Amino acid sequence: MTSGVAVLAVGTGSAVYALRDDDRAPASTGTTLPTVPVKRTDLSSAAQVDGSLGYADSYTVLGSGSGRITWLPAPGKVIVRGKAVYGVDGHPVPLFYGAMPFWRPLRSGMGSGNDVLELEQNLTALGYGPGLTVDRTFTSSTRSAIEKWQEALRVPQTGSVSPTDVVLMPGPIRVTSVTAVPGGPAAGTVLTASGTTRQVTVKMPVSSQEIAKKGAKVQIELPGGKSTAGHVSSVGTVATADKTNAQSQTGESTESATITVTVTLDESADAGTLDGAPVTVEFTSVEHRDVLAVPVNALLAAADGSYSVNVVDDSGTITSVPVELGVFDGDDVEVTGDLTEGAKVQVPVS
């Protein structure tokens, strides 16, 4: 008896090629359909989530509180160690790298501390510390290195550094906006900046958070169809929801809750000159290694929801073999059943 039939789509949207009777068909011989071998491979399924391309980190540069602004960088400018962040009274205020701002004058006779260590690390990195022992103690060698650095900057060679002489940031910065104006007082916010690392921010639905694992590799589709690789650099632990209004349904905010997932581009240059842009991030949600796979269109579906494939042996005999389905990956699907690697299964004529 023949069962009712209907075309069935599976997983990735590929249609199952054929339908069979509920009762298993007996082995038969002779076929005009092509065959492909069952292969052993690694398969994975992916989920795509929208994100926003931008730059990592956000910083605010504050003025010294005295003097007049005489130079400012343009938005988009990248500033590295030793280069001017802004100018005051005709003198540059350069960038130093460090986790902690200077809070006291750095000079002979001062007590040891991590600020001295940061100062000496920067002087050495800029080439002004031959013979300088980089540690937490201010010595005559430290003073000498400061004087050489000040001479190169064409500022008074005092042999000391005040907290307002430099800007301390964790690394290179990229100017995002300039608040101060030339001729204005060097007080308050001078400019804002970001880091130079390109990153993508994804608002991941809480219901899908298990696909985002720190360190996991992802693919990023950029505007214009270009694709680049990246990796998950952080996964948020605080869920937020969209704002609700009088028309919102009870529980709607809970269902739409998201966490912030940050993705770092492996090659920042792939993003080109775009400051920001919408992108799509492809996360691998499931990965199965060393499994048997067949083309999706080799599957035969029955009305009861089961599947089989037609196996053709060397004599041309066709046998219907029941299979269980696993991961869908493009045009392939993982199958388990009475199959062996290399066995030939029928596929439709394309």
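Residues numbered from 1 in each chain as written. Predicted model: local features only at pLDDT ≥ 70, side-chain atom pairs only at ≥ 80, totals over all residues. Heavy atoms only, no water.

## Some thoughts on the pattern of salt bridges
Here comes step 1: A complete count under the given rule lists 8 salt bridges for this structure.
Here comes step 2: The partner of D115 in a salt bridge is R104, with the nearest N and O atoms 2.7 Å apart. You can see D115 sitting in helix α1 (residues 114-125) and its partner R104 sitting in the loop between β11 (91-97) and α1, a full 11 residues away along the chain.
Here comes step 3: On the accessibility criterion, R104 (21% relative accessible area) is partly exposed.
Here comes step 4: Across the salt bridge formed by E287 and R289, the nearest N and O atoms sit 3.1 Å from each other.
Here comes step 5: Look at R289 and you get exposed, because its relative accessible area is 56%.
Here comes step 6: Within the structure, one salt-bridge network assembled from shared partners comprises R40, D290 and E341. (Salt bridge = Lys/Arg side-chain N within 4 Å of Asp/Glu carboxyl O. Helix = DSSP H or I, 4+ residues; strand = E, 2+ residues; numbered from the N terminus. Buried < 20%, exposed > 50% of the residue type's maximum accessible area, 1.4 Å probe, protein only.)

## So, the packing of aromatic side chains
Here comes step 1: All chains considered together, the criterion is met by 1 aromatic pair.
Here comes step 2: Relative to W149, the ring of F96 has its centre 5.2 Å away and its plane inclined at 45 degrees; by these criteria the two rings are tilted. Of the two residues, F96 is situated in strand β11 and W149 in helix α2 (residues 140-153); the sequence distance between them amounts to 53 residues.
Here comes step 3: Note on F96: relative accessible area 0%, which makes it buried.
Here comes step 4: Look at W149 and you get buried, because its relative accessible area is 4%.
Here comes step 5: Against the face of Y55 rests R198, its NZ or CZ located 4.2 Å from the ring centre. (Phe/Tyr/Trp six-rings, centres within 6.5 Å; stacked < 30°, edge-to-face > 60°. Lys NZ or Arg CZ within 6 Å of the ring centre and 35° of its normal.)

## Some words on the layout of surface pockets
Here comes step 1: Of the volumes computed, that of the largest pocket is approximately 410 Å³.
Here comes step 2: Among the secondary structure elements, those contributing two or more residues to the lining of the largest pocket are β11 and α2.
Here comes step 3: Residue contributions to the lining of the largest pocket peak at 4 residues, all from β11.
Here comes step 4: The residue inventory of the lining of the largest pocket, partitioned by class, reads 10 nonpolar, 9 polar and 3 charged.
Here comes step 5: Taken as a whole, the second largest pocket encloses approximately 240 Å³ of empty space.
Here comes step 6: Every residue lining the second largest pocket is counted, 15 residues in all, and those nearest its centre are L62, P163, V166, V167 and L168.
Here comes step 7: For the lining of the second largest pocket, the secondary structure elements donating two or more residues are β7 (58-62) and β12 (167-169).
Here comes step 8: Partitioning the lining of the second largest pocket into residue classes produces 11 nonpolar, 4 polar and no charged. (1 Å grid on protein atoms, 1.4 Å probe; cavity = no way out; pocket = protein on both sides within 12 Å on 5 of 7 lines; lining within 4 Å. Points joined across faces, edges and corners; volume = space filled by probe spheres on them. Nonpolar A, V, L, I, M, F, W, Y, C, P; charged D, E, K, R; others polar.)

## Some words on the side chain of E334
Here comes step 1: Locating E334 in the fold gives a position in strand β23 (residues 332-337).
Here comes step 2: One buried charged residue, E334, forms no salt bridge at all, with the nearest opposite charge on R40 at 8.7 Å.
Here comes step 3: A polar contact of 2.7 Å, which involves the side chain of E334, links it to the side chain of H288.
Here comes step 4: Setting aside anything within four residues of it in sequence, one finds E334 in contact with L43, H288, V291, L292, A293, E324, L325, G326 and V327. (Lys, Arg positive; Asp, Glu negative; His and termini not counted. Polar contact = N/O pair within 3.5 Å; in protein donor to acceptor, adjacent residues only side chain to side chain. Contact = heavy atoms within 4.5 Å.)

## Looking at the sheet that holds strand β8 (residues 69-71)
Here comes step 1: Judged by pairing direction, the sheet is mixed, and its 4 strands sit side by side in the order β8-β10-β11-β12 without closing on themselves. Each end of this open sheet is capped by a strand with a single partner; those strands are β8 and β12. Between one strand axis and the next, the sheet turns by 35 degrees as a mean value, whatever way the strands run.
Here comes step 2: Sheet topology places β8 next to strand β10 (residues 84-88); 2 bridges connect them, and they run antiparallel. Across the sheet, the residue bridging to I69 is V88, located in β10. (Pairing = 2+ DSSP bridges. Axes fitted to C-alpha atoms, helices over the stretch in contact; angles between N-to-C directions.)

## Considering the pairing of β23
Here comes step 1: Across 3 bridges, the pairing between strand β19 (residues 277-295) and β23 is antiparallel. Directly across from V294, in β23, lies its bridge partner V333.
Here comes step 2: Across 5 bridges, the pairing between strand β22 (residues 317-329) and β23 is antiparallel. The partner of L325 across the bridge, within β23, is V335.

## Some thoughts on the sheet that holds strand β13 (residues 173-178)
Here comes step 1: Spatially, 4 strands are ordered β7-β14-β13-β9 in an open sheet, and the strand pairing comes out antiparallel. Each end of this open sheet is capped by a strand with a single partner; those strands are β7 and β9 (78-79).

## Notes on the environment of G330
Here comes step 1: Along the chain, G330 turns up in the loop between β22 and β23.
Here comes step 2: Taking the C-alpha atoms as reference, G330 lies 9.0 Å from S44; in sequence the two are 286 residues apart.

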